[in-house]
Amino acid sequence: MTCGRFYGGVLLTVAAAGVFLSVVGVAEVGLRVFASAPVVAAVSAALWCRDW
């Protein structure tokens, strides 16, 4: 898996989790998760790609 695909996958997963939490009624937590998605994805991708 390439770094870009890993970043995209993590970004979509975290963003989807934020949207899901917002839909089920935990809007404040959902918005925080959604807003943190780019940061979480960037850190995860950096850690993943440093071994390449």
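Please refer to the structure placed before this passage.
Within each chain, residues carry numbers counting from 1 in the order of the written sequence. Confidence filtering applies because this is a predicted model: local features only for residues at pLDDT of at least 70, side-chain atom pairs given and counted only at 80 or more, and all residues used for totals across whole chains, interfaces and linings. Neither water nor hydrogens contribute to the side-chain values; these are computed over all heavy atoms in the structure.

Draft legend 1. The overall build of the protein, seen in detail. Helix and strand counts for the protein come out as two helices and zero strands. Taking the principal axes of its C-alpha atoms as reference, the protein extends roughly 40 × 15 × 10 Å. Residues counted as buried form 19% of the 52 residues belonging to the protein. Pairs at least 24 apart in sequence give 55% of the contacts found in the protein among residues at least 6 apart. All accessible areas in this document rest on Shrake-Rupley with a 1.4 Å probe, and a residue is counted as covered only by the protein chains that are shown. Counting only carbon and sulfur atoms, one obtains 74% of the accessible surface of the protein, whose full area is about 3,700 Å². Each helix corresponds to a stretch of at least 4 residues labelled H or I by DSSP, and each strand to a stretch of at least 2 residues labelled E; elements are numbered beginning at the N terminus. For every residue, the accessible area obtained with a 1.4 Å probe (protein chains only) is divided by the maximum for its type, and the residue is called buried under 20%, exposed over 50%, and partly exposed between those limits. Only heavy atoms matter for contacts: two residues are in contact if any of them lie within 4.5 Å across the pair.

Draft legend 2. Spotlight on the pattern of salt bridges. Salt bridges, as used here, are contacts in which a Lys or Arg side-chain nitrogen is within 4 Å of a carboxyl oxygen on Asp or Glu. Overall, the coordinates contain one salt bridge when judged by the stated rule. Across the pair R32 and E28 runs a salt bridge whose closest N-O atoms are separated by 3.0 Å. Of this pair, R32 and E28 are both found in helix α2 (residues 27-49), four residues apart, which corresponds to roughly one turn of the helix. Its relative accessible area of 54% is what places E28 among the exposed residues.

Draft legend 3. Representation of the nonpolar core in the model. Within the largest apolar cluster, seven residues are counted, these being F6, V10, V14, A15, A37, A41 and A45. Listed by contribution, the elements that provide at least two residues to this core are α1 (3-23) and α2. Looking at this core element by element, the count peaks at four residues for α1. The residues touching V10, leaving out its near neighbours within four places in the chain, are V40, A41 and S44. Nonpolar cores were defined as sets of buried Ala, Val, Leu, Ile, Met, Phe, Trp, Tyr and Cys residues, with membership established by side-chain atoms within 4.5 Å.

Draft legend 4. Expanded view of a nonpolar patch on the surface. On the surface, V19, F20, V23, V24, V26, V29 and F34 cluster together to form a nonpolar patch covering roughly 640 Å² of accessible area. The set of elements that each furnish at least two residues to the nonpolar patch consists of α1 and α2. Residue position: F20 is located in helix α1. Distance thresholds for patches are 9 Å for like charges and 5 Å for nonpolar side chains (Val, Leu, Ile, Met, Phe, Trp, Tyr), applied to residues having over 30% relative accessible area and no salt bridge.

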